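Summary of structural features
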Amino acid sequence: MSPVSLPPMHSTSRIGAMPEGHQVQVAALVALLRQPGARWTEVAAEVLAEGSALAVLRRQIGAGETLFGDDPVRDALGAARAEMQAWAAEGIGVYSFFDDAYPARLRDIHQMPPIVFTRGTLAEDRRAVAVVGTRRPTERGVGIAETCATALAESGITVVSGLAAGIDTAAHAAALRAGGRTVAVIGTGVNKSYPTANRQLQDQIIEDGLVLSQFWPDAPPAKHTFPMRNAVMSGYAAATVVVEAAYRSGARMQARLALQHGRPVVLTDSLMQHDWAREYADRPGVHVVSTANELVATVELIVHQIPHSPQALEGLPRLADL
């Protein structure tokens, strides 16, 4: 998908502060995504092609123009706006892909979510790196994740992870202890906590960083949501560090997605026991490191090369054709 190009829209997520025309467009997008059987990537493509979510909604469910009687478009917009008001009352940020405050790098990935929900503080996060790995890490793996996240945070780099047990938890917690910013890209809605043991950590991230989700705020965990989460996490970050991961893991999947998205990948040498990691090590954009210090140095080198322009990392050529 090419970077999105739509007419400039107001960037605020506060429903009451949005201009009326913008409220209608966001409500139309919500209504489209709420239609039975809606495929979110297809909705985004249609809205992009049309240049108006409202026009797509009218075409899909009927363009009622009267003030009286049944009007499916008016009803769908009313229901969507009521939902938006409820989200605003709960302190949930709502960002459509045609908002200028929408995370810019997500516009460059095929899996771009047409809308994201947030709790916490949204920032540009151009200098952001994902640190991911298994839910059942070794003690060494936890130590590497903590060392890397601490060094990144102390360097002013945002640490991104998925708020899962294991490596994700270690990375988030270490970044917070270092006084840095961390972003949790989660596989549930922002009103849910999964795993429940991380509820307090999630609350702390909301206080000091950001929790972001592409799913409806009350969406529970499901098998399919976590691979989708990995794609968005990869797109959000400038690079991905994989600390420990077996073949059948979300972290391995994220390494593949990162390369598809044109993002560098850093693998620890302990991963070389896995066939998938040895194969990935030969691909452009992949770095293999053998010590925690080397890992941190490699990540910092990647991050320091990130341009500081508003278009940073948008439209980069893919590093691998996977």
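Cut-offs and rules
Residues numbered from 1 in each chain as written. Predicted model: local features only at pLDDT ≥ 70, side-chain atom pairs only at ≥ 80, totals over all residues. Heavy atoms only, no water. Helix = DSSP H or I, 4+ residues; strand = E, 2+ residues; numbered from the N terminus. Expected span 1.5 Å × (residues − 1). Buried < 20%, exposed > 50% of the residue type's maximum accessible area, 1.4 Å probe, protein only. Contact = heavy atoms within 4.5 Å. Core = buried A, V, L, I, M, F, W, Y, C linked by side-chain atoms within 4.5 Å. Salt bridge = Lys/Arg side-chain N within 4 Å of Asp/Glu carboxyl O. Phe/Tyr/Trp six-rings, centres within 6.5 Å; stacked < 30°, edge-to-face > 60°. Lys NZ or Arg CZ within 6 Å of the ring centre and 35° of its normal. Pairing = 2+ DSSP bridges. Right-handed = clockwise from strand over helix to strand, strands pointing away. pLDDT = per-residue confidence, 0-100.

On to helix α8 (residues 225-236). Between the first and last C-alpha of α8 there are 16 Å, a value that for 12 residues agrees with the 16 Å anticipated at 1.5 Å per step. Taken across its 12 residues, α8 has 10 buried, putting it largely inside the fold. Those residues of α8 that fall on the buried side of the exposure criterion are Thr 225, Phe 226, Arg 229, Asn 230, Ala 231, Val 232, Met 233, Ser 234, Gly 235 and Tyr 236. On its buried face, α8 sits against β3 (128-132), β4 (158-161), β5 (182-185), β6 (210-213), β7 (239-242) and α9 (250-260).

Right, let's get into the nonpolar core. Val 47, Val 242, Leu 267 and Trp 276 are the most contacted members of the largest nonpolar core, which has 68 residues in total. The element contributing the most residues to this core is helix α1 (residues 20-33), with nine residues. One finds Ile 144, Ala 175, Val 266 and Val 303 within the second-largest nonpolar core, a separate group that totals 28 residues.

Here the idea is simple: oppositely charged side chains can pair when their charged atoms come close. One pass over the full model with this rule turns up 13 salt bridges. A salt bridge links Glu 90 to Arg 119, with the nearest nitrogen and oxygen atoms 4.0 Å apart. In this pair, Glu 90 is assigned in the loop between α4 (72-89) and β1 (93-96) and Arg 119 in strand β2 (residues 115-120), connecting sequence segments 29 residues apart. We classify Arg 119 as buried; its relative accessible area is 16%. When the shortest N-O distance is used, the salt bridge between Glu 124 and Arg 126 registers 3.0 Å. Within this structure, Glu 46, Glu 50 and Arg 59 form a network of salt bridges that share partners.

Here we take up the environment of Arg 256. Here Arg 256 is to be found in helix α9. The exposure class assigned to Arg 256 is partly exposed, which follows from its relative accessible area of 26%. Counting along the chain gives 25 residues from Arg 256 to Ala 231, while the straight-line C-alpha distance between them is 9.4 Å.

The subject of this paragraph is the packing of aromatic side chains. In this structure the tally under the stated criterion is seven aromatic pairs. For the pair Trp 87 and Phe 117, a centre-to-centre distance of 5.0 Å together with 75 degrees between the ring planes defines the contact as edge-to-face. Separated by 30 residues along the polypeptide, Trp 87 in helix α4 and Phe 117 in strand β2 bring together distant segments of the chain. We classify Trp 87 as buried; its relative accessible area is 5%. Phe 117 sits in the buried class, given a relative accessible area of 0%. Between Phe 117 and Trp 216, the aromatic rings sit 5.8 Å apart at their centres with planes inclined by 50 degrees, giving tilted as the arrangement. Taken as a pair, Phe 117 in strand β2 and Trp 216 in the loop between β6 and α8 lie far apart in primary sequence, 99 residues in all. Pairwise contacts between aromatic rings join Trp 40, Trp 87, Phe 117 and Trp 216 into one cluster. Above the face of the Phe 226 ring, Arg 135 is positioned so that its terminal group lies 5.8 Å from the ring centre. Between Arg 283 and the ring centre of Tyr 280, over which it is positioned, the NZ or CZ distance is 4.3 Å.

We now examine the pairing of strand β9 (residues 286-289). With four bridges connecting them, strand β8 (residues 265-268) and β9 associate as parallel partners. Paired with Thr 268 across the strands is Val 289, a residue of β9. Read from β8 through helix α10 (residues 275-281) to β9, the crossover connection turns out right-handed.

The next point concerns the confidence of the model for the protein. Mean pLDDT for the protein: 87, with 87% of residues reaching 70 or above. Across residues 1-12 the pLDDT falls below 50, and counting only partners more than four positions away or on other chains, this stretch makes 37 contacts in the model. pLDDT under 50 marks residues 312-322. Its contacts with residues more than four places away, or in other chains, come to 35 contacts.

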